[in-house]
2 protein chains.
Amino acid sequence: MGRSRTQNPPARAAYHHGNLREALLEAGLAHLEKSGDQALSLRELARQTGVAANAVYRHFASKERLLVALAAEGFRRLGAAQHRAMRDARDPIQAMKLSGLAYIRFARANPALFRLMFDRFANSQRDPELAQAVRESFEQLCAAVAAASKLGTADPRVSVRAIHALALVHGLSHLHLDGQLADWVGDADALTESVLQYASQLRASTKSG
Amino acid sequence: MGRSRTQNPPARAAYHHGNLREALLEAGLAHLEKSGDQALSLRELARQTGVAANAVYRHFASKERLLVALAAEGFRRLGAAQHRAMRDARDPIQAMKLSGLAYIRFARANPALFRLMFDRFANSQRDPELAQAVRESFEQLCAAVAAASKLGTADPRVSVRAIHALALVHGLSHLHLDGQLADWVGDADALTESVLQYASQLRASTKSG
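Rules used in this analysis
The residue numbers shown here count from 1 along each chain, following its written sequence. Following the order in which they are written, the chains are lettered starting with A and the ligands numbered starting with 1. Given that this is a predicted model, residues contribute local features only at a pLDDT of at least 70 and side-chain atom pairs are listed and counted only at 80 or more, while totals for whole chains, interfaces and linings are drawn from all residues. Here a helix means four or more residues in a row that DSSP labels H or I, a strand means two or more in a row labelled E, and each is numbered from the N terminus. Put simply, a residue is buried when 20 or more other C-beta atoms lie within 10 Å of its own C-beta and exposed when 12 or fewer do; between those, it is partly exposed, and each C-beta is set from the backbone. We call two residues in contact when their backbone-placed C-beta atoms lie within 7 Å. Each domain's limits were defined by an automated method or a database of domain assignments. Residue classes follow a fixed rule: Ala, Val, Leu, Ile, Met, Phe, Trp, Tyr, Cys and Pro count as nonpolar, while Asp, Glu, Lys and Arg count as charged, and any other residue, Gly among them, counts as polar. When the copies are overlaid, the least-squares fit takes in C-alpha atoms only where the residue has pLDDT of at least 70 in both copies. Each nonpolar core reported here comprises buried Ala, Val, Leu, Ile, Met, Phe, Trp, Tyr and Cys residues connected via C-beta atoms within 7 Å. Every axis in this analysis is a line fitted to C-alpha atoms, fitted for helices over the stretch in contact. Angles between the N-to-C directions lie between 0 and 180 degrees. Each angle gets one of four labels, with under 35 degrees taken as roughly parallel, over 145 as roughly antiparallel, 65 to 115 as roughly perpendicular, and the rest as oblique. A crossing counts as left-handed when the near helix is turned anticlockwise from the far one by less than a right angle, and as right-handed when that turn is clockwise. One less than the residue count of a helix, multiplied by 1.5 Å, gives the span that helix is expected to have. Residue-level confidence of the predictor is what pLDDT reports, using numbers from 0 through 100.

Student: What exactly am I supposed to notice about the overall build of chain A here?
Tutor: Within chain A, the secondary structure is distributed over 11 helices and zero strands. Seen in sequence order, chain A has helices and strands lined up from the N terminus as α-α-α-α-α-α-α-α-α-α-α. The buried share of chain A, taken over its 209 residues, is 38%. By sequence separation, contacts in chain A at least 24 residues apart represent 62% of the contacts at least 6 residues apart.

Student: Would you explain the domain arrangement of chain A in this entry?
Tutor: A common measure of how large an interface is: the accessible area buried when the components associate. Residue and element names in this part refer to chain A. Once the domains are mapped, chain A shows domain 1 (1–61) and domain 2 (67–209). If you look at the interface, domain 1 gives eight residues, while domain 2 gives eight residues. Looking at the side of domain 1 that touches domain 2 residue by residue, the class counts come to four nonpolar, two polar and two charged.

Student: Help me understand the relation of the copies chain B and chain A, please; the structure alone is not making it clear to me.
Tutor: Each of the two chain copies can be generated from the other by rotation about an axis followed by a shift along it. For the pair chain B and chain A, the superposition axis carries a translation of 0.0 Å, the fit reaches an RMSD of 0.0 Å, and the rotation angle comes to 180°. Taken together, the rotation and translation relating the two chain copies correspond to the operation of a two-fold axis. Residues of chain B ranked by C-alpha distance from the rotation axis are headed by B:Gly171, positioned 1.8 Å from it. A shared binding surface is used by both copies, with 100% of the interface residues of chain B retained as interface residues in chain A.

Student: Just to check I follow, could you spell out the interface of chain B and chain A for this structure?
Tutor: Taken together, the contacts link 34 residues of chain B with 34 residues of chain A. Mapped by element, the contributors of at least two residues to the side of chain B that touches chain A are α7 (111–121), α9 (156–177), α10 (180–184) and α11 (188–205) of chain B. Top contributing element to the side of chain B that touches chain A by residue count: α9(B), with 12 residues.

Student: Please explain the environment of B:Leu29 as it appears in this structure.
Tutor: All names here are of chain B. With respect to the secondary-structure elements, Leu-29 resides in helix α2 (residues 17–39). Along the sequence, Leu-29 and Gln-180 sit 151 residues apart, while their C-alpha atoms lie 26 Å from each other. In this structure Leu-29 touches Leu-70, Glu-73 and Leu-113, once residues within four positions along its chain are discounted.

Student: Which parts of the structure should I look at to understand the nonpolar core?
Tutor: As a rule of thumb, soluble globular proteins bury nonpolar side chains together. Counting 113 residues, the largest nonpolar core has A:Val145 and B:Val145 as its most contacted members. Excluding residues within four positions of it along the chain, A:Val145 makes contact with A:Met96, A:Val158, A:Arg161, A:Ala162 and A:Ala165.

Student: I would appreciate a short explanation of the environment of A:Leu202 in the present structure.
Tutor: Residue placement: A:Leu202 occurs in helix α11 (residues 188–205). Sequence separation between A:Leu202 and A:Ile93 is 109 residues, and the spatial gap between their C-alpha atoms is 10.0 Å.

Student: For this particular structure, what's the right way to read the packing of helix α5 (residues 63–87) of chain B against helix α6 (residues 92–109) of chain B?
Tutor: Geometry of a packed helix pair, given as the angle between the helix axes and the separation of the axes. Residues and elements named next belong to chain B. Where α5 contacts α6, the two axes come as close as 8 Å, and the packing angle between them is 140°. One way to sum up the angle between α5 and α6 is to call them oblique. Crossing of α5 against α6: the hand is right-handed. Here Leu-78, Ala-81, Gln-82, Ala-85 and Met-86 of α5 lie close against α6, whose contacting residues are Ala-95, Leu-98, Ser-99, Leu-101, Ala-102, Tyr-103 and Phe-106.

Student: Which parts of the structure should I look at to understand α5(B)?
Tutor: Residue pairs three or four apart in sequence face the same way in an α-helix, which turns once every 3.6 residues. The first and last C-alpha atoms of α5(B) sit 36 Å apart over 25 residues, in line with the 36 Å expected at 1.5 Å per residue. Within α5(B), burial applies to B:Leu66, B:Val68, B:Ala69, B:Leu70, B:Ala71, B:Ala72, B:Glu73, B:Gly74, B:Phe75, B:Leu78, B:Gly79 and B:Gln82.

Student: Is there a simple way to think about unusual backbone geometry in this case?
Tutor: Glycine aside, the phi torsion of most residues is negative, and most peptide linkages are trans. Notably, A:Lys150 is not glycine yet its phi reads approximately 55°, a positive angle. Relative to the helices and strands, A:Lys150 resides in the loop between α8 (128–149) and α9 (156–177).

Student: Hey, could you run me through the confidence of the model for chain A in this one?
Tutor: Interpretation of the predicted coordinates at a detailed level should be avoided for regions scoring low in pLDDT. Residue and element names in this part refer to chain A. The share of residues in chain A with pLDDT of 70 or more is 86%, and the mean pLDDT across the chain is 86. No element of chain A has a lower mean pLDDT than helix α1 (residues 4–7), at 44, and none a higher one than helix α5 (residues 63–86), at 96. Taken together, the chains of this predicted complex give a pTM of 0.87 and an interface ipTM of 0.86.

Structure follows, in structure tokens:
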């Protein structure tokens, strides 16, 4: 505050409050995938977005605050991608499979963001925005599982099956990111599809558990 | 070579060739869990083991060679832990569950080693020792899956089910390590058990897929 650059921001800085936050998140996500979270800097982000560093600090008090906000944005985008994928399903069982494929595709397309999301997860309760993004993501999963299992969302079997579904696609994502599936099989995409199809058949055929 | 310390190693350095390698791996594993792979140094390892640095370099030409050897040792220990767990099973279905629990327990007890194993996995084909440890680990899994599914090990359904089982426990391990299960449920251990029990029932009940 009080510096001349803040009072006379460059022409590109004609952002409304919300717009600038979105632009900073967008630039942060691009930077994260390109160079990793170590190299990310608020000053560099300000330079790339064409605004003064102080304007960035008004949205994110520290680099860590930005990383947590990026993690929350990641959970929202992952949820949206799964939601889009499920719209094309012919039934709730296939919806679970398409949602799982979208999860794995998201992890492979955004590996640095995916790792950041789960790295910051442990402390998510400290940040209301991240906590809400995570909660909504889990509620969406439970709703899909309840529909596929023909169970009410309050049924205790739903959370067991939801964690089963989550762990499966989470594990497949990590195996993909670590290059393992490519080592063991010729066609990692076909294998992923087969594994999710196997889980789908199991969901459809099992009434208890 | 040719340095006086190498010719006059300290008293504790009375290792045979194989013994010293084992002692260095043991010290390396302890150091890894305590301080992470960044802080690991061959010179420090030599000091802790009470031998000259040159003696260490004869076994591991670089820090990266040591890390790859630690990853291979990790796969062997994980396989041994799963093998021990399966001995107590009353049938092949329960053996899969006990093996899965042993996998998750191993990951939680050795988080730095677990992450290192899968971090180095992508390049495992370059190192014969690591490649063999990984191959044996996967063969052990496929044998257990084939027994539980009453299928021959060459049946193509075995690899699909093996990846399903692996991804499930791998995902659960990561969710545990990232502190997620503790956030969502009161008793993460009971939930893990329920999820593996659910997968067990599915394995038992499904004939196709």
